[in-house]
Amino acid sequence: MEEDQELERKISGLKTSMAEGERKTALEMVQAAGTDRHCVTFVLHEEDHTLGNSLRYMIMKNPEVEFCGYTTTHPSESKINLRIQTRGALPAVEPFQRGLNELMNVCQHVLDKFEASIKNYKEQKASRNESTF
């Protein structure tokens, strides 16, 4: 009972609100009847292969994850179903959260490197222009 409440608390922390003050669920957790918390499908609304494949890769790096895969429901719908199955006592929500955090860290690293390269390029271009005058 307490584990279910803790799991629901973690999932509710992953939900986001949309614009215009209207609260929409960006994430749903679907569990088949009779299954435990080690095998869960997460439905991510307004997402596609970009997040699905990247997140699947990050989650599969965890040795406690037995299976992780995703599908798009239909090409005209922008939502994905991400299924995670774990080994042992690890609930599926934990590698999901960890995968999201690791993916955000990778994206931030790429952004930082990109911005540093642009700054370096502009500085080099400025120094070349100064030396020609």
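For the structure, see preceding data.
For the structure given in this document, a descriptive report is provided here. This is a predicted model, so every value here is computed, not measured.

**Some points on the sheet that holds strand 3 (residues 65-72)**
Line of reasoning, step 1. One open sheet holds the four strands; their spatial order is 1-2-4-3, and the pairing between them is antiparallel. Strands at the two margins of the open sheet, each flanked by one partner only, are strand 1 (27-30) and strand 3. The average angle at which neighbouring strand axes cross in this sheet is 20°, direction not considered.
Line of reasoning, step 2. Relative to strand 4 (residues 79-86), strand 3 runs antiparallel, the two sharing seven bridges. Among the inter-strand pairings, tyrosine 70 is bridged to a residue of strand 4, identified as leucine 82.

**Topic: the pattern of salt bridges**
Line of reasoning, step 1. Summed over the entire model, instances satisfying the criterion amount to one salt bridge.
Line of reasoning, step 2. Two residues, arginine 98 and glutamate 102, come together in a salt bridge whose shortest N-O distance is 3.0 Å. Residue arginine 98 and its partner glutamate 102 are located together in helix 3 (residues 93-132), separated by four residues, close to a single helical turn.
Line of reasoning, step 3. The partly exposed category is assigned to arginine 98, whose relative accessible area is 47%.
Line of reasoning, step 4. Its relative accessible area of 23% is what places glutamate 102 among the partly exposed residues.

**A look at the nonpolar core**
Line of reasoning, step 1. One finds Phe42, Leu44, Leu55, Ile59, Leu82, Ile84 and Phe96 to be the most contacted residues of the largest nonpolar core, which totals 18 residues.
Line of reasoning, step 2. Elements represented by at least two residues in this core include exactly strand 2 (39-45), helix 2 (49-60), strand 3, strand 4 and helix 3.
Line of reasoning, step 3. Element by element, the count of residues in this core is highest for helix 2, at four residues.
Line of reasoning, step 4. Look past the residues within four positions of leucine 82 in its chain and what remains in contact with it is Val40, Thr41, Phe42, Leu44, Gly52, Leu55, Ile59, Cys68, Gly69, Tyr70 and Phe96.

**Let's talk about the side chain of histidine 38**
Line of reasoning, step 1. When you line up the elements, histidine 38 lands in the loop between strand 1 and strand 2.
Line of reasoning, step 2. The buried category is assigned to histidine 38, whose relative accessible area is 14%.
Line of reasoning, step 3. Excluding anything up to four places from it in sequence, histidine 38 contacts Ile84, Gln85, Thr86, Gly88, Ala89, Leu90, Pro91 and Ala92.

**Let's talk about the environment of histidine 49**
Line of reasoning, step 1. With respect to the secondary-structure elements, histidine 49 resides in helix 2.
Line of reasoning, step 2. What makes histidine 49 partly exposed here is its relative accessible area of 47%.
Line of reasoning, step 3. Separated by 31 residues in the primary sequence, histidine 49 and isoleucine 80 have C-alpha atoms spaced 7.8 Å apart.
Line of reasoning, step 4. Beyond its immediate stretch of four places on either side in the chain, histidine 49 contacts Ser54, Tyr70 and Thr72.

Calculation notes
- Residues numbered from 1 in each chain as written.
- Predicted model: local features only at pLDDT ≥ 70, side-chain atom pairs only at ≥ 80, totals over all residues.
- Heavy atoms only, no water.
- Pairing = 2+ DSSP bridges.
- Helix = DSSP H or I, 4+ residues; strand = E, 2+ residues; numbered from the N terminus.
- Axes fitted to C-alpha atoms, helices over the stretch in contact; angles between N-to-C directions.
- Salt bridge = Lys/Arg side-chain N within 4 Å of Asp/Glu carboxyl O.
- Buried < 20%, exposed > 50% of the residue type's maximum accessible area, 1.4 Å probe, protein only.
- Core = buried A, V, L, I, M, F, W, Y, C linked by side-chain atoms within 4.5 Å.
- Contact = heavy atoms within 4.5 Å.

The values are spatial; any link to function lies outside them.
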